[in-house]
Amino acid sequence: MKNGPLFFLGLLAAVAISWAGIVLGSHAQLGELPPYFDQAEGQIYPRRPGGIASRGQLVYADLGCAACHTQQVRRPDFGSDKARGWGDRQSVARDYIHQWRPQLGASRVGPDLANVGARLAKTETGAAGLHQLLYQGSSTHPSYSFLYEEEALVGERSAAALNLSGANAPVPGYQIVPTERAQTLVAYLLSLKTTYDFPESVPVAAPTKTEETKK
Amino acid sequence: MINSPTHAGSAEVTPIDPTARGPLLLLVGMALGWLVISGTFALIASIQLHTPQFLADCSWFTFGRTDAMRESTFIYGWAGNAGLAISLWILGRLGGNPLRATNWVTVGTLFWNLGLTAGLVGIATGDMTSFSMLQLPAYVQPLMLFAYATIAISGVLAWGGRRSDGTFAAQWYAVAALFVFPWLFSAAQAVLLWMPVRGTVQAIAAGWFMQGLWTLWLAPLALAGSYYIVPKTSGRVLPSYDFASLGFWTLLFVGAWTGGRHLVGGPVPAWVPTVGVVACSLMIFHYSIVFLNLRVVTASVGNAAQFIRLGLIAYLLVGLLDMITSFRFVAEQMQFTFLASALQQLGLYGAISMIFFGCIYFMMPRIAGVPWASVAMMSAHRMAVIIGILLLVGGLAAAGMMQAGDLLNPSANLGDILARIRLPLLVVTFAHIILIGANLLLFVNFLKTAASRADGDVRVRNLFRQPSAIEASAT
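What counts as what
- Residues numbered from 1 in each chain as written.
- Chains lettered and ligands numbered in written order.
- Predicted model: local features only at pLDDT ≥ 70, side-chain atom pairs only at ≥ 80, totals over all residues.
- Helix = DSSP H or I, 4+ residues; strand = E, 2+ residues; numbered from the N terminus.
- Rg over C-alpha atoms; globule rule 2.2 N^0.38 Å.
- Buried ≥ 20, exposed ≤ 12 C-beta atoms within 10 Å, placed from the backbone.
- Contact = placed C-beta atoms within 7 Å.
- Core = buried A, V, L, I, M, F, W, Y, C linked by C-beta atoms within 7 Å.
- Nonpolar A, V, L, I, M, F, W, Y, C, P; charged D, E, K, R; others polar.
- Axes fitted to C-alpha atoms, helices over the stretch in contact; angles between N-to-C directions.
- Parallel < 35°, antiparallel > 145°, perpendicular 65-115°, else oblique.
- Left-handed = near helix turned anticlockwise from the far one by under 90°.

J.: Break down the overall build of chain B for me, citing the residues and quoting the values.
T.: Looking only at helices and strands, one finds 17 helices and 0 strands in chain B. For 475 residues, the compact-globule estimate of 2.2 N^0.38 gives 23 Å, and the C-alpha radius of gyration of chain B, at 22 Å, lies within 12% of that figure. Projected onto the principal axes, the alpha-carbon positions of chain B cover approximately 70 × 45 × 40 Å. The 475 residues of chain B split such that 59% are buried. Of the contacts formed within chain B by residues at least 6 apart in sequence, a portion of 85% connects residues at least 24 apart.

This is the structure in structure tokens:
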């Protein structure tokens, strides 16, 4: 290692080769991934999120929600993601192509949110329930009341006002309304759906496994 | 030609050290200050894990933001400042000339820490990038890069102007860390912030950066310190030293490929995690050689050596566990649990920080020209930090083990899982309290030592004639 320039080139090569291999390699494979055009429905998937939902992702990122929530459903035979009802199929790269900064996350203190929009649509409370959780928290979820405002009730009650009861109910004559940030955040979460089956996302692993065991 | 490490005792006292005293003390002081601050963020974040309502209504301290601040202050504040101080000092000594461009080091250090402070305010007010270990807002990152380059100039000059033709392993690792960080940092910024790649390629690039930060920056900094200090404290020539270069190049060329293992089962091409798993297994060569070379640390005496010994054990353990946990059937269980945090803390605290502590204990009396102010504080710090790290890693690992089993069981509700792991999470909080106390001791001891220098104590100069007394060994 007497040769300084050669040593320097070695260092540069170590970084450059791994960067080219991992980053450029996967970029070459996925960088141009197009949305899928469904001929029968005459639509492209994944659907491009609306402007409000896109702004909601900024809120999701800046609050650091990804510290406790993942947004990646693993395939049915890898972990219990499907059994938990987090998604019927695994997440694939195409799900994220419209996202400004995919929030895959690395910790599951809370549930996976890749398909939370579809899950919420099935519940009775839907968006209102989500607002309530964000405002008052629960034994497992912090309360982000700074995303909400208490305002005096003038005239009619706002349609967006939260239906709260018990200790969290506002003083009579006041109402709790979501700020713009809360509205966009919830719109973003409602937009998260992995219900469309892309050709590459149809779960194949589970059936083949059972066939093998039959033999 | 590769020179054999010099015999212990020589180069204990050099005229080289005093020239860089100011900048190096500044770097170490900043590092220790950030370590205490990082511990405070870690404490807040750990409380929030078992008591979610703690500080929840304060938007500056949502769990995500607190954790990002904890991580940023730890990596860029503590490890960055301390690692730079150690590598500059080693390059200066092994280069055989007094460090040059020390004013640049001072200026760079000030800007580096100003940038970090601005970045923290940015994270608290909602500008974090949401990429792990690269959380500092996009607008301070160019400043950090510039400040880093300003500090590193001195090390590069020391390397370029070295007196001897041959080089030592400590020098390779130090130079590698100095050069590689700006490349990693700027390449990650380019593809994640300035011209972001699309979709999940971002996650792959972020994984590459995160792994690179560990294998190409933090690990080389720690190894530079170990390769320099172990022969001195053990009084032995490093065994199997001829293999050291193989260990070095394995780390550099293979290490950066291991990042993809965290994405196993994720929405990325299958080759990305597979390459990571293979690379993780190949890294066994690197860890074996580090073990072969540095096993003489068992013969070392002194406070510094005790830290480095434990740090190296943790380092080898991390290598082994990284390999085991990268396999798919293990990853299926431990992915997304606190086991991953346990392994990360074992690496960052158990390995990197312990080695850095050892290096600081060894380096400080030599650059300050005075022995450590308090031997009692030194031993107290050592005991407390060992207990703190064991509780921290143990608590996280216990929480992770319970969580791993429960997450695979679909009937276990997430709220119940969190309730069940409350006890280990409380242990983690307790560990952070101990660690803050321990690191405060070190910080105060450092300040007292630096201040006693200013008193111009004459007695101390005599110590230079008895090198073994310098370290005020607490054994």
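What follows continues from the structure just given.
J.: Help me get a handle on the overall build of chain A, residues and values and all.
T.: Regarding its fold elements, chain A presents 6 helices and 4 strands. Listed N to C, the secondary structure of chain A is α-β-β-α-α-α-β-β-α-α in terms of helices and strands. A compact globule built from 215 residues should have a C-alpha radius of gyration of about 17 Å, whereas chain A, at 23 Å, is more than 25% larger. For chain A, the C-alpha atoms occupy an extent of roughly 80 × 60 × 35 Å along the three principal directions. Residues counted as buried form 39% of the 215 residues belonging to chain A.

J.: Account for the environment of Asp165 of chain B, with residues named and values stated.
T.: All names here are of chain B. Its location among the elements puts Asp165 in the loop between helix H4 (141-160) and helix H5 (169-194). For Asp165, a count of 10 C-beta atoms within 10 Å translates into the label exposed. For the pair Asp165 and Met364, spaced 199 residues apart in sequence, the C-alpha to C-alpha distance is 28 Å.

J.: Mind laying out the nonpolar core, listing which residues take part and the relevant values?
T.: Residue and element names in this part refer to chain B. Counting 213 residues, the largest nonpolar core has Tyr173 and Ala224 as its most contacted members. With 22 residues, the top contributor of residues to this core is helix H6 (residues 201-234). Setting aside residues up to four positions removed in sequence, Tyr173 forms contacts with Pro220, Leu223, Ala224, Tyr227 and Phe248.

J.: Explain the interface of chain A and chain B to me, and be specific about the residues and the numbers.
T.: Interface size, as often reported, equals the accessible area lost upon joining of the parts. Each partner contributes to the interface: chain A provides 58 residues, whereas chain B provides 64 residues. Among the secondary structure elements, those contributing two or more residues to the side of chain A that touches chain B are helix H1 (4-30) and helix H2 (51-63) of chain A. Looking at the side of chain A that touches chain B, the element that brings in the most residues is H1 of chain A, giving 11 residues. Taken together, the residues of the side of chain A that touches chain B sort by class into 29 nonpolar, 21 polar and 8 charged.

J.: Lay out the packing of helix H1 (residues 21-50) of chain B against helix H3 (residues 102-124) of chain B in plain terms, naming residues and giving numbers.
T.: All names here are of chain B. Contact geometry for H1 and H3: axes closest at 8 Å, N-to-C directions at 20 degrees. Viewed along their axes, H1 and H3 adopt a mutual orientation that is roughly parallel. Considering the relative orientation of H1 and H3, their crossing is left-handed. Within the contact between the two elements, H1 uses Gly22, Pro23, Leu26, Leu27 and Met30 and H3 uses Thr102, Val105, Thr106, Thr109 and Asn113.

J.: Can you tell me about unusual backbone geometry, naming the residues and giving the values?
T.: Tyr45 of chain A connects to Pro46 of chain A through a cis peptide bond whose omega is -5 degrees. By the element assignment, Pro46 of chain A lies in the loop between strand E2 (43-45) and H2. A positive phi angle, near 70 degrees, is found at Met133 of chain B, a position not held by glycine. With respect to the helices and strands, the residue Met133 of chain B is situated in the loop between H3 and H4. A positive phi angle, near 50 degrees, is found at Ser240 of chain B, a position not held by glycine. Relative to the assigned elements, Ser240 of chain B resides in the loop between H6 and helix H7 (244-255). Looking at Ser240 of chain B, the number of C-beta atoms within 10 Å reads 14, which means it is partly exposed.

J.: Run through the environment of Leu157 of chain B, naming residues and quoting values.
T.: Residues and elements named next belong to chain B. Here Leu157 lies in helix H4. When the C-alpha positions of Leu157 and Leu91 are compared, they lie 9.1 Å apart, and in sequence the two are 66 residues distant. When neighbours within four sequence positions are excluded, Leu157 is seen to be in contact with Arg100 and Ala101.

J.: How would you sum up the environment of Gly350 of chain B? Please name residues and give values.
T.: Residues and elements named next belong to chain B. Following the sequence through the fold, Gly350 ends up in helix H12 (residues 338-368). C-beta crowding within 10 Å serves as the criterion here: with 25 such atoms nearby, Gly350 is assigned to the buried category. Linking Gly350 and Leu310, residues 40 residues apart in sequence, is a C-alpha distance of 7.6 Å. Those residues within four positions of Gly350 in sequence are excluded, and the remaining contacts are Ala314, Ile389 and Val393.

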